Amino acid sequence: DAGMEMAELRTAVTDEELKVLEALADTELVSMVLTAESLEYDDEEGLTILESEDCFFDCELYFADHQVLELYGASLYEDLDSEPVAGMENIENVLTDLFEHGGTLSEVARDEEDGLVLVLASDHDSLLVAVSGWYLDTWEALPDLEDEEEE
């Protein structure tokens, strides 16, 4: 195994992990799965959050080299000065649009607290994704294919 085992949830990025993640930059994104309910809200039981104000999401990014980057409690920004994109439908539309225009992971960085920050880019757009928790794993089959096999 050329990479390191990162199949446990991470919240900060070490120098070594940053190097592994940077290797994913410019690797083709072949699939993306967005989860409507984020882990970010699991510890806030009893708190009602309006869906339109919901800016955290969980997501799996599938790369052509058979690696999958799972993101938890992620928030999406259209630029450095903007508020996070809110509402699951808006988040899904923005990410889907990027993905349909040849989206790639163009840059991997850390914020001041060593949290993971991703720059996703396409021919006409780029987005920032701030990530609360993540892990890197490998995939055998894309999720769409697995669903069809089960039927």
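The structure we're discussing is the one just above.
Residues numbered from 1 in each chain as written. Predicted model: local features only at pLDDT ≥ 70, side-chain atom pairs only at ≥ 80, totals over all residues. Heavy atoms only, no water.

Observations concerning the pattern of salt bridges
Here is step 1: Considering all chains together, one arrives at three salt bridges under this definition.
Here is step 2: Where Arg10 meets Glu17, a salt bridge forms, and the shortest distance between an N and an O atom there is 2.6 Å. In this structure, Arg10 and Glu17 share a single accessibility class: buried.
Here is step 3: Two residues, Arg110 and Asp114, come together in a salt bridge whose shortest N-O distance is 3.9 Å.
Here is step 4: Taking relative accessible area as the criterion, Arg110 reaches 30% and is therefore assigned partly exposed.
Here is step 5: The class for Asp114 is partly exposed, based on a relative accessible area of 37%. (Salt bridge = Lys/Arg side-chain N within 4 Å of Asp/Glu carboxyl O. Buried < 20%, exposed > 50% of the residue type's maximum accessible area, 1.4 Å probe, protein only.)

A closer look at the side chain of Arg10
Here is step 1: Mapping Arg10 onto the fold places it in the segment before helix H1 (15–22).
Here is step 2: Polar contacts involving the side chain of Arg10 include one to the side chain of Glu17, which spans 2.6 Å. (Helix = DSSP H or I, 4+ residues; strand = E, 2+ residues; numbered from the N terminus. Polar contact = N/O pair within 3.5 Å; in protein donor to acceptor, adjacent residues only side chain to side chain.)

Some remarks on empty space enclosed by the protein
Here is step 1: Applying the stated rule across the entire model yields one cavity of 30 Å³ or more.
Here is step 2: As a volume, the largest cavity reaches approximately 30 Å³.
Here is step 3: If you trace the largest cavity, you find it lined by Phe57, Cys59, Leu61, Leu71, Leu95, Leu120 and Val129.
Here is step 4: Here the lining of the largest cavity gets three residues from one element, more than from any other, and that element is strand E2 (residues 57–63). (1 Å grid on protein atoms, 1.4 Å probe; cavity = no way out; pocket = protein on both sides within 12 Å on 5 of 7 lines; lining within 4 Å. Points joined across faces, edges and corners; volume = space filled by probe spheres on them.)

Examining the pairing of strand E4 (residues 104–110)
Here is step 1: By the bridge criterion, six bridges tie E4 to strand E5 (residues 116–121) in an arrangement that is antiparallel. Within E5, the residue paired with Val108 across the bridge is Leu118.
Here is step 2: What sits between E4 and E5 in their antiparallel hairpin is a turn of five residues, with Asp114 showing a positive phi close to 65°. (Pairing = 2+ DSSP bridges.)

A few points about helix H2 (residues 88–100)
Side chains of residues three or four places apart in an α-helix project in the same direction, reflecting 3.6 residues per turn.
Here is step 1: Under the 1.5 Å per step criterion, the end-to-end length of H2 is 18 Å for 13 residues, consistent within 8% with the ideal 18 Å.
Here is step 2: Among all positions in H2, only Met88, Ile91, Val94, Leu95 and Leu98 are buried. Along the axis of H2, the buried positions cluster into a sector of 135°, meaning they face one direction only. In H2, the exposed positions angled more than 90 degrees off the buried face are occupied by Glu89 and Glu100.
Here is step 3: Close packing links the buried residues of H2 with strand E1 (29–35), E2, strand E3 (67–77), E5 and strand E6 (126–131).
Here is step 4: Note on H2: the residue one or two positions beyond its end, Gly102, has a positive phi of about 75°. (Expected span 1.5 Å × (residues − 1). Arc of directions from axis to C-beta. Contact = heavy atoms within 4.5 Å.)

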